[in-house]
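Observations on the three-dimensional arrangement
Here is how the chains run, residue by residue.
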Amino acid sequence: MINKTDKIWMDGKFVNWDDAKVHVLSHSLHYGLGVFEGIRCYDTQDGPAVFRLDEHVNRLFQSAKIFLLEIPFSPDEIKQAIIQTIKINSIKECYIRPIAFIGYGAMGLYPKGNPINVVIAVWPWGAYLGEEGLNNGIRVKISSFIRNHVNSNMCRGKISGYYVNSQLAKKEAISNGYDEALLLDTSGFVSEGSGENIFIVRNGILKTTPLTSILEGITRDSVIEIAKDLGIVALQERFTRDEVYISDEAFFTGTAAEITPIREVDNRVIGEGKAGPITKKLQNAFFEIVKGRVPKYKKWLTYVS
Ligand code: PPE
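The notes below deal with the structure included here. Bear in mind that the values here come from a model prediction, so they are computed numbers and not experimental data. (Residues numbered from 1 in each chain as written. Predicted model: local features only at pLDDT ≥ 70, side-chain atom pairs only at ≥ 80, totals over all residues. Heavy atoms only, no water.)

**Considering the overall build of the protein chain**
Each helix and strand counted, the protein chain has eight helices and 17 strands in total. In terms of overall dimensions, the protein chain is globule-like: its C-alpha atoms have a radius of gyration of 19 Å, near the 19 Å expected for 305 residues. If you line up the protein chain on its principal axes, its C-alpha atoms span 55 × 45 × 30 Å. Once local pairs closer than 6 in sequence are excluded, the contacts in the protein chain between residues at least 24 apart make up 70%. Surface accessibility of the protein chain: about 13,900 Å² in total, with carbon and sulfur atoms responsible for 52%. Taking the average place of the 36 positive charges on the side chains of the protein chain and the average place of its 35 negative ones, the gap between the two points comes to 1 Å. (Helix = DSSP H or I, 4+ residues; strand = E, 2+ residues; numbered from the N terminus. Rg over C-alpha atoms; globule rule 2.2 N^0.38 Å. Contact = heavy atoms within 4.5 Å. Areas by Shrake-Rupley, 256 points an atom, 1.4 Å probe, with all protein chains shown as cover. Lys, Arg positive; Asp, Glu negative; His and termini not counted. Charge placed at Lys NZ, Arg CZ, Asp CG, Glu CD.)

**Side note on unusual backbone geometry**
Leaving glycine out, the prevailing phi sign among residues is negative, and the prevailing peptide bond configuration is trans. Even without a glycine there, the phi angle at E258 is positive, about 55°. By the secondary structure assignment, E258 is in strand β15 (residues 258-265). The residue N267 is not glycine, and still its phi comes out positive at about 70°. In this fold, N267 is placed in the loop between β15 and β16 (268-269).

**Regarding the nonpolar core**
With 34 residues, the main nonpolar core has V35, V50, I71, I78, I82, I86 and I96 as its most contacted residues. For this core, the secondary structure elements donating two or more residues are β3 (34-36), β4 (39-44), α2 (53-66), α3 (75-88), β6 (94-102) and β7 (116-123). Residues within four places of I86 in sequence aside, it is in contact with C41, V50, I91, C94, I96, V122 and V304. Y42, A227, Y297 and W300 belong to the second largest nonpolar core, which has 22 residues in total. (Core = buried A, V, L, I, M, F, W, Y, C linked by side-chain atoms within 4.5 Å. Buried < 20%, exposed > 50% of the residue type's maximum accessible area, 1.4 Å probe, protein only.)

**Observations concerning α2**
For α2, built from 14 residues, the straight-helix expectation of 20 Å at 1.5 Å per residue is met to within 8% by its first-to-last C-alpha distance of 20 Å. Every buried residue of α2 is listed here: L53, H56, V57, R59, L60, F61, S63 and A64. Remark: L68 follows α2 within two positions and exhibits a positive phi of approximately 55°. (Expected span 1.5 Å × (residues − 1).)

**As for the site of the ligand**
Close to the ligand lie 22 residues, the nearest being Y95, Y128, Y163, T219 and T255. Between the ligand and the protein, one listed contact pairs an oxygen atom with a side-chain N or O atom of Y163 at 2.4 Å. Within the contact set of the ligand, an oxygen atom lies 2.6 Å away from a side-chain nitrogen or oxygen of T255. For the ligand, whose accessible area on its own is 550 Å², the fraction buried by protein is 93%. With respect to the detected pockets, the ligand is housed in the largest pocket. Among the secondary structure elements, those contributing two or more residues to the shell around the ligand are β6, α6 (218-229) and β14 (249-254). (Near = heavy atom within 4 Å. Polar contact = N/O pair within 3.5 Å; in protein donor to acceptor, adjacent residues only side chain to side chain. 1 Å grid on protein atoms, 1.4 Å probe; cavity = no way out; pocket = protein on both sides within 12 Å on 5 of 7 lines; lining within 4 Å. Sits in = over half its atoms within 2 Å of the grid points.)

**Digging into helix α8 (residues 277-290)**
For α8, spanning 14 residues, the distance from its first C-alpha to its last is 20 Å, which sits close to the expected 20 Å at 1.5 Å a residue. Three or more residues of α8 are buried, namely I278, T279, L282, Q283, A285, F286, I289 and V290. One face of α8 carries all of its buried residues, which in axial projection span an arc of 165°. With its phi angle positive at about 75°, G292 sits one or two positions after the end of α8. (Arc of directions from axis to C-beta.)

**Considerations on the pattern of salt bridges**
If you walk through the whole model with that rule in mind, you get 22 salt bridges. Across the salt bridge formed by E258 and R40, the nearest N and O atoms sit 3.6 Å from each other. With E258 in strand β15 and R40 in strand β4, this residue pair connects regions lying 218 residues apart in the sequence. Residue classification places E258 among the buried positions, given a relative accessible area of 6%. K207 is the salt-bridge partner of E243, the closest N and O atoms lying 2.9 Å from each other. (Salt bridge = Lys/Arg side-chain N within 4 Å of Asp/Glu carboxyl O.)

**Considering the pairing of strand β8 (residues 138-146)**
Here β8 pairs with β15 via three bridges, running parallel. Bridging across to β15, V140 finds its partner in V265. Alignment of β8 against strand β9 (residues 180-184), held across four bridges, turns out to be parallel. If you follow I146 over to β9, its bridge partner there is L184. (Pairing = 2+ DSSP bridges.)

**Some words on the packing of aromatic side chains**
Evaluation of the coordinates by the stated rule reveals twelve aromatic pairs. With 5.7 Å between their ring centres and 90° between their planes, F51 and W300 make a pair best called edge-to-face. Placement of F51 in strand β5 (residues 47-51) and of W300 in the loop between α8 and β17 (301-303) is noted, with a sequence separation of 249 residues between them. Ring geometry for F199 against F251: centres 5.0 Å apart, planes inclined by 10°, an arrangement best described as stacked. Here F199, found in strand β11 (residues 197-202), pairs with F251, found in strand β14; they are 52 residues apart in sequence, far enough to count as distant. For the pair formed by F199 and F251, the shared burial category is buried. Members of the aromatic cluster, each reached through a chain of ring pairs, are F51, F286, F287, Y297 and W300. One Lys or Arg, R139, reaches over the ring of Y178 and ends 4.7 Å from the middle of that ring. (Phe/Tyr/Trp six-rings, centres within 6.5 Å; stacked < 30°, edge-to-face > 60°. Lys NZ or Arg CZ within 6 Å of the ring centre and 35° of its normal.)

See below:
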C-alpha cells in the first residue's frame, strides 16, 4: 500500500490526499496518454534536496512535446510546485510523481478541447527492488515481451501507456520466481528493465544500451558521468543477452531502483553472485552524491528550503 502524505497539488491548488480525485471518464484512464516523471528527494545535512530536478522537469516537457500535449504551466511553475508539495507535506525523503494527463471531456481518439490536468504527489518510497536487492543483488529474467519499437512508441517520452508492456514483463518475471525483467529490443539486443536502464561490466569496462529503444534515464546519465570521474570507461553500445550472461557485473539504474546490482540472469550467476566491486564503487559514489556529501555534485541538488 502506498504511504499517504497530507496534500497533493492538483492543477495549481493543494487538496487533501483523499480528495485528489478525477472523473472515471478522464481520457487518459481509457487511452493511456499521460506524461509523467519519477523524481527522488533525499535528506541531506542541509535539509531535503531534490535530485536533478531540472533534468526531470525538462524530460516531462519533452515527453509532452513529442506527444503534442500542452501542459498549462511553465517548467518553472512545475519546479516551484514540486518544491512546495515537499514543503507542505513536511517530508524529508520522498518519491515525487508529477503527471500531466488528458482530462474529462470528449471520448474517442481525438479529444479536442479536453483539459490537460497536472498533478504532483509525493510519498515515502524505500528501496524499489527491496533492501536486500539493493545490497546483495536481484535475480533477473529475460522477458518474452519485446520492448517498444521506436516507431510504435517513441522512447524519449515517459508515457503512462508504455507501462502496459512493462507490467507484462514484470508479472512474467515475478510469477517465474525472479525479481525483475530485462527486455530485448525488436532487433533482439538488450533494451532495458521494466522500469530501469541496464549496465554491464566486462574486463573493467562499463557498457550500457545506446539511446534507441530505451528511456533516456537520468540515473543512467548520472552513472556515466560519475564513472568518468572515477576513471571507469563507459561505452554506450548494443549488446546481446549472452554478453549479459558472461558479464563480470551487472546492475539496473533508475530513480526508483537507484543502483540495484543484478546477481543472476536466467539462472546464470553474474560474477560472484553478489554486488561486484565496480557496482559497489558507483553505488557508494551515487549515494554520497544524492546525500549532498560531494561538493562537486551539489549542482545536481535543488534544496527544498
Ligand atoms: N527505463 C524505464 C522503462 C523506466 O521506467 C525508468 C524509470 C528508467 C528507465 C530509468 O529512468 P530514470 O529514473 O530517469 O533514471 N522508472 C520510473 C518508474 C518506476 C515505477 O515503478 O513507477 C522511476 O524509476 O521513477
